[in-house]
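In case you want the letters, here they are:
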Amino acid sequence: MSELLPYVEGVLSATQVGETAASIAAMQEPSGAVPWTTGEHVDIWNHVEAAMAMLVGGQVEAAERAYAWVPTLQREDGSWPMKIVGGEVEDERGEVNMSAYFAVGLWHHWLVRRDHAFVQRYWPSVRAGLDWVVSQQLPFGGIRWTPTEEGALLAGSSSIYQSLRAGVALADLLDDPQPEWELAGGRLGHAVREHRDLFLDKATYSMDWYYPVLGGAVRGDAAFELLETRWDDFVVPGLGIRCVDTNPWVTGAETCELVMALDAIGDHRRALQLLGDMQHLRADDGKYWTGWVFGDDVNWPHEWTTYTAAAVILAVDALGEVAGHSSAGSGIMRGTSLAPHFTELALECGCDSADELAGSAGRPS
């Protein structure tokens, strides 16, 4: 079956991708949940990412068991708890980014499997989750990260922009229009493009730097310019990218997410370079270490994580279109298969009206 799996010439073969998908499945719990690593906690965002990676990596049964588990932890308001350990809720707070991401996973499954019944089965859960998420939107357009804490996170809100586009694509597929999501997406996209200063300050984290591009709200020249602003702060040639700008620690998941952001804007040269650079984190049987402390030259933490392995597979699938082979879900981060960009809206943020906004993403007619 390996010849059907994604690969990138000179970086990872289809067989190696299959090994990495199997390493994720090996850490899956009997319930279907996929923890960060064996015995660790589960959150819905990373769990869904693992399911996406297992699906394109040939572990179809494991991926679908993972999706079947997701609704079992959903609350009546549509949200999911932030942290689950061994099937028990450890942190009850609802987190918007986690509660939105099921939409991306379900749309990705449709792209790969074209199983309409599967989409119909999980659509009510996705719809309830996104309804709850948009109810947390703040006046400037960002999404409050939990109902109990003030402020919105830029990385999380950027990811929600992608989730809303996936949700609208699913709604179109099922002929169940969700115009309120489109309005929320228009306001959110404007906030990510024009009001990044109004989000909580997490500028030391690389995720806040590249996620506006990865989530799709920032594209074109603005995306290139944004990535150039802090390239030298985060990218460590030959190793990957830092998780935090103050620490000599490169992490595989963040590196592969930047790979996908670069692929999304057509910068394949640097994307391929970074994907190759982070392969020093690959371990036996296709597992991936979380990170590497350079200077001390040690892997830290001393663990292999499912979310790192998943990010590698999804990055390979993305780049497979130009440098190897990819699945039908390859464009999930580029957004080419999602609903079109939302019409940019500035309602309560103090900006000019949407009709006067320069550089609007603009939903094509």
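All values reported here derive from a predicted model rather than from experimental measurement.

Before going further, it helps to spend a moment on the overall build of the chain. Across its full length, the chain carries 14 helices and 11 strands. What you see for the chain is a C-alpha radius of gyration of 19 Å, in line with the 21 Å of a compact globule of 365 residues. Taken over the C-alpha atoms alone, the chain extends approximately 55 × 45 × 40 Å along its principal axes. By the burial criterion, 61% of the 365 residues in the chain qualify as buried. Taking all contacts inside the chain whose residues are at least 6 apart in sequence as the whole, residues at least 24 apart take part in 66%. For the chain, the exposed area adds up to about 14000 Å²; of that, 50% sits on carbon and sulfur atoms. Within the chain, the 52 negative side-chain charges are centred at a point lying 2 Å from the centre of the 23 positive side-chain charges.

With respect to the helices and strands, Leu174 occurs in the loop between α7 (154-173) and α8 (179-194). For Leu174, a relative accessible area of 19% corresponds to the buried category. Between the C-alpha atoms of Leu174 and His116, which are 58 residues apart in sequence, the distance is 8.8 Å. Beyond its immediate stretch of four places on either side in the chain, Leu174 contacts His116, Val119, Gln120 and Trp123.

All right, on to the confidence of the model for the chain then. If pLDDT is low for a region, its predicted coordinates should not be looked at in detail. For the chain, the mean per-residue pLDDT works out to 95, and 96% of the residues sit at or above 70. Below a pLDDT of 50 lies the segment residues 354-365, which in the model reaches 27 contacts outside its immediate sequence neighbourhood of four places, other chains included.

This next bit is on the pattern of salt bridges. Summed over all chains, the structure comprises 14 salt bridges. For the salt bridge of Arg270 with Glu228, the shortest nitrogen-to-oxygen distance reads 2.9 Å. Placement of Arg270 in helix α13 (residues 268-277) and of Glu228 in helix α10 (residues 220-229) is noted, with a sequence separation of 42 residues between them. Here Arg270 and Asp267 are joined by a salt bridge, their closest N and O atoms 2.8 Å apart.

By size, the foremost hydrophobic cluster in this structure holds 125 residues, and its most contacted members are Ile24, Trp107, Leu164 and Leu258. Aside from chain neighbours lying at most four places away, what touches Trp107 is Ala166, Ala169, Leu170, Leu173, Ile332, Ser337 and Leu338.

With respect to the helices and strands, the residue His190 is situated in helix α8. Residue His190 is classed as buried on the basis of its relative accessible area of 0%. Among the polar contacts made by the side chain of His190, one reaches the side chain of His195 at a distance of 3.3 Å.

To continue, consider unusual backbone geometry. With omega at -10°, the peptide bond leading from Trp300 into Pro301 counts as cis. Note on placement: Pro301 falls in the loop between β10 (298-299) and α14 (306-323). The phi dihedral of Asp285 falls on the positive side, at around 60°, and the residue is not glycine. Secondary-structure assignment places Asp285 in the loop between α13 and β9 (291-293).

Between the first and last C-alpha of helix α5 (residues 102-113) there are 16 Å, a value that for 12 residues agrees with the 16 Å anticipated at 1.5 Å per step. Extensive coverage of α5 is indicated by the burial of 10 of its 12 residues. Residues of α5 that are buried include every one of Phe102, Ala103, Val104, Gly105, Leu106, Trp107, His108, His109, Trp110 and Leu111, and no others. Of the residues one or two after α5, Arg114 is the one with positive phi, at around 50°.

Here the structure, examined in full by the defined rule, presents 16 aromatic pairs. With a centroid separation of 6.1 Å and 85° between ring planes, the pair formed by Trp80 and Phe102 is classed as edge-to-face. Taken together, the residues Trp80 in the loop between α3 (60-69) and β2 (81-85) and Phe102 in helix α5 connect sequence positions 22 residues apart. Look at Trp80 and you get buried, because its relative accessible area is 0%. By relative accessible area, which is 1% here, Phe102 ends up buried. Where Phe140 meets Phe199, the ring centres are 5.0 Å apart and the plane angle is 80°; that geometry is what we call edge-to-face. Of this pair, Phe140 sits in the loop between α6 (116-134) and β4 (144-146) while Phe199 sits in the loop between α8 and α9 (206-214), and the two are 59 residues apart along the sequence. Assessed through its relative accessible area of 13%, Phe140 is described here as buried. Relative accessible area serves as the criterion here: at 6%, Phe199 is assigned to the buried category. Clustering of aromatic rings is evident, with ring pairs tying together Tyr67, Trp80, Phe102, Phe118 and Tyr122.

Thresholds applied
- Residues numbered from 1 in each chain as written.
- Predicted model: local features only at pLDDT ≥ 70, side-chain atom pairs only at ≥ 80, totals over all residues.
- Heavy atoms only, no water.
- Helix = DSSP H or I, 4+ residues; strand = E, 2+ residues; numbered from the N terminus.
- Rg over C-alpha atoms; globule rule 2.2 N^0.38 Å.
- Buried < 20%, exposed > 50% of the residue type's maximum accessible area, 1.4 Å probe, protein only.
- Contact = heavy atoms within 4.5 Å.
- Areas by Shrake-Rupley, 256 points an atom, 1.4 Å probe, with all protein chains shown as cover.
- Lys, Arg positive; Asp, Glu negative; His and termini not counted.
- Charge placed at Lys NZ, Arg CZ, Asp CG, Glu CD.
- pLDDT = per-residue confidence, 0-100.
- Salt bridge = Lys/Arg side-chain N within 4 Å of Asp/Glu carboxyl O.
- Core = buried A, V, L, I, M, F, W, Y, C linked by side-chain atoms within 4.5 Å.
- Polar contact = N/O pair within 3.5 Å; in protein donor to acceptor, adjacent residues only side chain to side chain.
- Expected span 1.5 Å × (residues − 1).
- Phe/Tyr/Trp six-rings, centres within 6.5 Å; stacked < 30°, edge-to-face > 60°.

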